[in-house]
Amino acid sequence: MIPKPWSRREMLKTSARCGVAGMALSLARPTLAEEESKMRFRIGACDWTLGKRSDLGSFAVAKEIGLDGVQVDVGNPDNDFPLFKADVQKQFLEESNKQEVAIASLAMGVLNNVPYKSDPRPVEWVAQSIDTAKAVGVDVILLAFFSEGDLRDDPKGKDEVVKRLAEVAPKAEKAGVSLAIESWLSAEEHVDIIDRVGSPAIKVYYDVGNSNHAGHDIYEEIRFLGDRICEFHAKDYDDLYGKGSIDFKKVRAAMDDIGYSGWINMEGIKMPLGVEESCRYDLEYLRTVFPAKV
């Protein structure tokens, strides 16, 4: 039997019912962004730890390991700062979406070899990194102060860093981006720099391994710094996580005390199982201490 053709009224009624049902289903199904907003702790890794510095391939490696994101290095003069280029930014966003692995934050490792405290070139680079952060949708840029950029026992270097940060801070504030200092300095020395700059855009990128290695009480420093910390590096100089010198459960307790939520990016030092297996082991351990939903 040939079914009777539907009238226009019947078609509109059915379409409306399907539309309402579809809308309800859509509203009931959380989006990826909504799911991410419910996550207290997100665990990523530095692209250089994955052996893919400033490289699109870092996202595929991160996905294979099971990471939530990648901290991306913007590059250096030798590779012409790939992340400063609009077409490369687009490629990174596309690959991030494809692999469903977020860009956690940006890093300026170049400052270890071309010191922000003395070389004139990084002044413009840091300013450009703010534009890059906006373009790829992140709000934290790690400024590294190690090796040639070390600020310990260097009051003139600190003075110049304060001066340069004060000049670029308004741009960072307007963009909603934090410029995060990572160094060997104590918590008190970090606060001194932040207070002298006088901008909410200047924060601390706290590396528990580095600060512990420098002899600081990391658990009390975290509490002292509080919301001046915008992001963390997980690191242990002695062994895989949970087997070395960092008590991550005490780190978690300190984070709870300051109400921290956000990214914890693994920066590998001890990798006895190889890069991917060591990262996978460390990730599985961190998940027991820092679950996504708390």
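Since we're looking at a predicted model, the values are computed, not measured.

Moving on: the nonpolar core. Side chains of a nonpolar character, in soluble globular proteins, are inclined to be buried together. Residues Leu165, Leu179 and Met266 are the most contacted members of the largest nonpolar core, which totals 77 residues. Those residues in contact with leucine 179 that sit more than four places away from it in its chain are Val126, Ile130, Ile141, Leu143, Leu165, Val168, Ala172, Ala201, Ile202 and Lys203. One finds Leu142, Phe146, Ala180 and Tyr205 within the second-largest nonpolar core, a separate group that totals nine residues.

Here the phi dihedral of serine 54 falls at roughly 55°; this positive angle occurs in a residue that is not glycine. Mapped onto the elements, serine 54 comes out in the loop between strand S1 (41-46) and helix H3 (57-65). In this structure serine 54 comes out as buried when scored by relative accessible area, which is 12%. Unlike most non-glycine residues, aspartate 80 shows phi in positive territory, near 60°.

Moving on, we get to helix H6 (residues 155-175). For H6, which comprises 21 residues, the first-to-last C-alpha distance of 30 Å matches the rise-based estimate of 30 Å (1.5 Å per residue) to within 8%. If you look at H6, its biggest bend is around 40°, right at valine 168, and the proline proline 170 turns up within four residues after that. Where H6 is buried, its residues meet helix H5 (121-136), strand S4 (140-145), strand S5 (178-183), helix H7 (187-197) and strand S6 (202-207). Count one or two residues on from H6 and you reach glycine 176, which has phi positive near 70°.

Roughly 330 Å³ of internal volume is contained in the second largest pocket. Around the second largest pocket, the lining is made up of 23 residues, and of these Trp48, Asn112, Ala144, Phe146 and Glu267 lie nearest the centre.

On to the pattern of salt bridges, then. The tally for this structure, following the rule as stated, stands at 19 salt bridges. The partner of arginine 196 in a salt bridge is aspartate 159, and the shortest N-O contact between them spans 2.5 Å. Of this pair, arginine 196 sits in helix H7 while aspartate 159 is found in helix H6, placing the two residues 37 residues apart along the sequence. For arginine 196, a relative accessible area of 38% puts it in the partly exposed group.

Another aspect to go through is the pairing of strand S3 (residues 102-108). Extensive coverage of S3 is indicated by the burial of seven of its seven residues. Relative to S3, strand S2 (residues 69-73) runs parallel, the two being bridged by five bridges. The residue of S3 that forms the bridge with valine 72 is leucine 106. Once you follow S2 into helix H4 (residues 86-99) and on to S3, the crossover reads as right-handed. Pairing of S3 with S4 involves three bridges; the strand directions are parallel. Bridging from a neighbouring strand, leucine 106 pairs with isoleucine 141 of S4. In this fold, S3 hands off to H5, which returns the chain to S4; that crossover is right-handed.

Aromatic ring pairs are defined here through the distance separating the ring centres and the angle between the ring planes. Under the counting rule described, the total for this entry stands at 10 aromatic pairs. Here the aromatic rings of phenylalanine 146 and tryptophan 184 are separated by 5.2 Å at their centres, their planes lie at 85°, and the arrangement is edge-to-face. Placement of the pair is phenylalanine 146 in the loop between S4 and H6 and tryptophan 184 in the loop between S5 and H7, with a sequence separation of 38 residues. Among the residues examined, tryptophan 184 registers a relative accessible area of 18% and is labelled buried.

The subject of this paragraph is the side chain of aspartate 73. By secondary structure assignment, the location of aspartate 73 is in strand S2. Classification of aspartate 73 as buried rests on a relative accessible area of 1%. For aspartate 73, the contacting residues outside a window of four places in its chain are Asp47, Trp48, Arg53, Ser54, Leu83, Ala107, Met108 and Gly109.

With 16 residues, H5 should reach 22 Å at 1.5 Å per residue; the first-to-last C-alpha distance of 23 Å fits that figure. Residues of H5 that are buried include every one of Pro122, Trp125, Val126, Ala127, Ser129, Ile130, Thr132, Ala133 and Val136, and no others. Its buried side turned inward, H5 meets H4, S3, S4, H6 and S5.

If you walk around this closed barrel you meet the eight strands as S1-S2-S3-S4-S5-S6-S7-S8, and the pairing is parallel. The sheet shows a mean angle of 30° between the axes of neighbouring strands, direction not considered. Direction of pairing for S4 relative to S5: parallel, over a ladder of six bridges. Across the sheet, the residue bridging to alanine 144 is glutamate 182, located in S5. Each of S2 and S3 is contacted by H3, which is oriented at about 150° to S2, the strand it contacts most. The sheet contacts of helix H9 (residues 218-225) involve S6 and strand S7 (229-234), and relative to S6 the element is tilted by about 160°.

Reading the values: the criteria
Residues numbered from 1 in each chain as written. Predicted model: local features only at pLDDT ≥ 70, side-chain atom pairs only at ≥ 80, totals over all residues. Heavy atoms only, no water. Core = buried A, V, L, I, M, F, W, Y, C linked by side-chain atoms within 4.5 Å. Buried < 20%, exposed > 50% of the residue type's maximum accessible area, 1.4 Å probe, protein only. Contact = heavy atoms within 4.5 Å. Helix = DSSP H or I, 4+ residues; strand = E, 2+ residues; numbered from the N terminus. Expected span 1.5 Å × (residues − 1). Bend = angle between axes of the 7 residues up to and from the residue. 1 Å grid on protein atoms, 1.4 Å probe; cavity = no way out; pocket = protein on both sides within 12 Å on 5 of 7 lines; lining within 4 Å. Points joined across faces, edges and corners; volume = space filled by probe spheres on them. Salt bridge = Lys/Arg side-chain N within 4 Å of Asp/Glu carboxyl O. Pairing = 2+ DSSP bridges. Right-handed = clockwise from strand over helix to strand, strands pointing away. Phe/Tyr/Trp six-rings, centres within 6.5 Å; stacked < 30°, edge-to-face > 60°. Axes fitted to C-alpha atoms, helices over the stretch in contact; angles between N-to-C directions.

Fair warning: the whole summary comes from geometry, so function is off the table for now.
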